[in-house]
There are 2 protein chains.
Amino acid sequence: MFNWEKNLIDIEPYVPGEQPAGDIIKLNANENPYPPSERVASVIREFDAGNLRKYPDSNSSVLKKAIADYYSLDSANVSVGNGSDEVLAFIFLSCFCNEKPIFFPDITYSFYHVWARLFDKDFRQIPLDVDFCINPKDYHEDNGGVIIPNPNAPTGIGQGEGLLRDIIEGNTDRIVVVDEAYSDFGEYSAVNLLGEYENLIVVKTYSKSRSLAGQRIGFALASNRIIEKIEAVKNSFNSYTMDMLTLEIAKASLEDEAYFKECIDKVKKTRKEAAETLRKMGFVVMDSQSNFLFVSHPSVKAKRIFSELREKGIYVRYFDIPRLENWLRITVGTDDEMEKLLSEIRGII
Amino acid sequence: MFNWEKNLIDIEPYVPGEQPAGDIIKLNANENPYPPSERVASVIREFDAGNLRKYPDSNSSVLKKAIADYYSLDSANVSVGNGSDEVLAFIFLSCFCNEKPIFFPDITYSFYHVWARLFDKDFRQIPLDVDFCINPKDYHEDNGGVIIPNPNAPTGIGQGEGLLRDIIEGNTDRIVVVDEAYSDFGEYSAVNLLGEYENLIVVKTYSKSRSLAGQRIGFALASNRIIEKIEAVKNSFNSYTMDMLTLEIAKASLEDEAYFKECIDKVKKTRKEAAETLRKMGFVVMDSQSNFLFVSHPSVKAKRIFSELREKGIYVRYFDIPRLENWLRITVGTDDEMEKLLSEIRGII
């Protein structure tokens, strides 16, 4: 090792999940099986590339206003970013500034502990109960802030207003973040609580419900005071996180509510049918409020199903970690994709 | 103040520079006056929006290979990001990990000290000499790493290989970053030194020379060992910093070398002519290796010229900070824009 190498950060290289391409059925990344709105396609087609010589609006004002209107909030309650991952990273930097551990579930989105480590924040992973559920009382203990995903991943379990209120009211002196990456496929969003709790942040993404994983768009909704600080960090990190095309695409997607609802409804219908079929095959299937199913078979090992499906060109997600070693996370695809998946699974078990 | 507000970061909200729009002559942000390559326009026009439902390649492999080929390097020597600002932020996080102050010039890109503060890194701003030049010996003192822009902004002064070698050889135990945001308009790039010095990082952007400020593309070139760490931080912050459209646009721009050179040559020619005219009017004009001119008039205050131009709808950049209070930074526009600018200046002085 050369002396200069001692200046490099000591961090485990985080390896992003596998993203296979080619002629496969890809049910491993919770991507939407339907394309984004035709308005998105048309905004791209008609975009004047000559404009790109100039910087975009660093405040993303037009998009913030559109998102604020959509949720009946004010622009000052919105911060947008390069995927909800960037927004969450800025929240970790700006809203958990104390010496106490950040609380989040032990089984959850795999990035929370990565951000905590990157920014040198203490954290505690709170075990889910035996049914993979969050016990709100666990989050009342003194902490440095709370982040919970609702619905949770990879379980797909969604919690209602009662649990959310319980957690927020147990944390009036801290910031509570609800990561709603999947909530558009569920029955409850904490957006309705923003007016009541100034220490609440709701984070959302275009990646799943708006079929725009490839374009990287996420946002946070919160009180002015919190948004100001998230924006201060954003503006100290990169003035222009949102490029011109992304700003227009994000706005266009919001304007096509009918198509948005249609896709959500199709995913929900397919989810219900696939869950029923899997249960008939003997699988335990968690009630899903998301665009994926979390399933386990009492006699056939998840890892075996995962590997055999993969050989057939069908990719689902397997987690080789404690408590999850016999579960699979299956993204809800089109009816056709699910039919092929279910038929292969039938052959395996 | 509520108790929960104590968890928010204590940071000055950094305010991005003014980006006026409308029917004005905009020479205040070092944007390129020419549109990006026609290949960029065609990539956008022909892009299949349906692909956006999927995540992009988190490793940006195709783009990294294209950039590596362009500079006769290997993909393992390239890290790409959402503008060079994001790349530089990751470098501050990953490559200056020690207790000593990061050294950079006192008059330079205004973001270096913002990143240092955001990530809680000590820093020292080294004064430029009386001619606004970097004295390499000032950077030999014990430090936590060095970042210099070459050419520097807002002076436009570019340094050659000698000065770069002097600084790097005085810092064999630290990382040295050369920020080449403007070097495509100059005569020297430190890319040729990468093979010799494993502790050197060269950072570049598409914002200026490739007319793509609106699309947010930047990259770092360095030894594998450094790139690994920048990528570890990038992958711990946001797996997908580059969206699908941006990846394709960035590659397309690289493929049109003829147009790239043509635009650079036009900017250089206009820069030379404008500098000559300004000198004839009595201005002191720094020798520029960038796409802007740094000028001062011995008898007419810069602030007055700035304000009067603004009233006429011509925006240049004025810095109300010590040593720069009588200087203007004027982006090189089209010949037509420069003619209007020069004619207005003639009227003012």
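Going by the structure above, here's the rest.
First, a word on scope: everything that follows refers to the structure included in this document. (Residues numbered from 1 in each chain as written. Chains lettered and ligands numbered in written order. Predicted model: local features only at pLDDT ≥ 70, side-chain atom pairs only at ≥ 80, totals over all residues. Heavy atoms only, no water.)

**Focus: the overall build of chain A**
Which entries qualify depends on this criterion: Put simply, DSSP H or I for four residues or longer makes a helix, DSSP E for two residues or longer makes a strand, and each gets a number counted from the N terminus. It only takes one pair of heavy atoms within 4.5 Å for two residues to be counted as in contact. Values of accessible area rely on a 1.4 Å probe in the Shrake-Rupley scheme; residue burial ignores everything except the protein chains shown. His is not counted, nor are the chain ends; Lys and Arg add positive charge and Asp and Glu add negative charge. By convention, the point assigned to a charge is CZ for Arg, NZ for Lys, CD for Glu and CG for Asp.
Scanning chain A from N- to C-terminus turns up ten helices and 13 strands. Each principal axis of the C-alpha atoms in chain A carries an extent, and together these give about 55 × 55 × 50 Å. Taking as baseline every contact in chain A between residues at least 6 positions apart, the subset at least 24 positions apart corresponds to 73%. Per element, the accessible surface of chain A, about 13,300 Å² overall, is 47% carbon and sulfur. Counting 41 positive and 54 negative side-chain charges, chain A places the centres of these two groups 2 Å from one another.

**Structural notes on the packing of aromatic side chains**
Here a ring pair, both rings aromatic, is described through the centre-centre distance and the interplanar angle of the planes. Residues and elements named next belong to chain A. What counts is decided by this rule: The pairing test for Phe, Tyr and Trp rings, Trp by its six-membered ring, is centres within 6.5 Å, and the orientation test on the planes gives stacked under 30 degrees, edge-to-face over 60, and tilted for anything in between. A 1.4 Å probe rolled over the protein chains alone gives each residue an accessible area, and that area as a share of the maximum for its type sets the label: buried under 20%, exposed over 50%, partly exposed in between.
Applying the stated criterion across every chain, the model contains 47 aromatic pairs over all chains. Here Phe111 and Trp115 contribute two aromatic rings whose centre-to-centre distance is 4.9 Å and whose plane-to-plane angle is 50°, an arrangement assigned as tilted. Pair check on accessibility: Phe111 and Trp115 agree, each one buried. A centroid spacing of 4.9 Å and a plane angle of 85° characterise the contact between Tyr182 and Phe292, whose relative ring orientation is edge-to-face.

**What about the interface of chain B and chain A?**
To be explicit about the condition: Two parts placed together each lose some accessible area; with a 1.4 Å probe, that loss summed over both constitutes the buried area. Should a side-chain nitrogen of Lys or Arg be within 4 Å of a carboxyl oxygen of Asp or Glu, the pair is scored as a salt bridge. A 3.5 Å cut-off defines polar contacts: any pair of N or O atoms within that distance qualifies, except that in protein one atom must be a possible hydrogen donor and the other a possible acceptor, and neighbouring residues in sequence count only when both atoms are side-chain atoms. Residue type decides the class: Asp, Glu, Lys and Arg count as charged, Ala, Val, Leu, Ile, Met, Phe, Trp, Tyr, Cys and Pro as nonpolar, and the leftover types, Gly among them, as polar.
Opposite the 87 residues of chain B that make contact, chain A presents 87 residues. Taking both sides of the interface into account, the surface hidden between chain B and chain A amounts to around 7,100 Å²; carbon and sulfur atoms contribute 58%. Where chain B packs against chain A, one counts two salt bridges. Here Glu5 of chain A and Arg225 of chain B are joined by a salt bridge, their closest N and O atoms 2.2 Å apart. Our enumeration of links across chain B and chain A arrives at 40 residue pairs in polar contact (both at pLDDT 80 or more). Secondary structure elements with two or more residues in the side of chain B that touches chain A: α1 (38–45), α3 (83–95), α4 (112–118), α6 (224–237) and α7 (244–254) of chain B. Grouping the amino acids of the side of chain B that touches chain A by side-chain chemistry returns 45 nonpolar, 23 polar and 19 charged.

**Looking at the pattern of salt bridges**
Enumeration according to the criterion identifies 46 salt bridges over all chains in this entry. Residue Asp69 of chain A is joined to Lys65 of chain A by a salt bridge in which the shortest nitrogen-to-oxygen separation is 2.9 Å. Taken together, the residues span about one helical turn, with Asp69 of chain A and Lys65 of chain A both in helix α2 (residues 61–70) at a distance of four residues. With its nearest N and O atoms 2.9 Å apart, the salt bridge here joins Glu161 of chain A to Arg165 of chain A. Of the two residues, Glu161 of chain A and Arg165 of chain A both sit in helix α5 (residues 161–169), four residues apart, roughly one turn of that helix. Overlapping salt bridges, with partners in common, bring together Glu5 of chain A together with Arg225 and Glu228 of chain B in one network.

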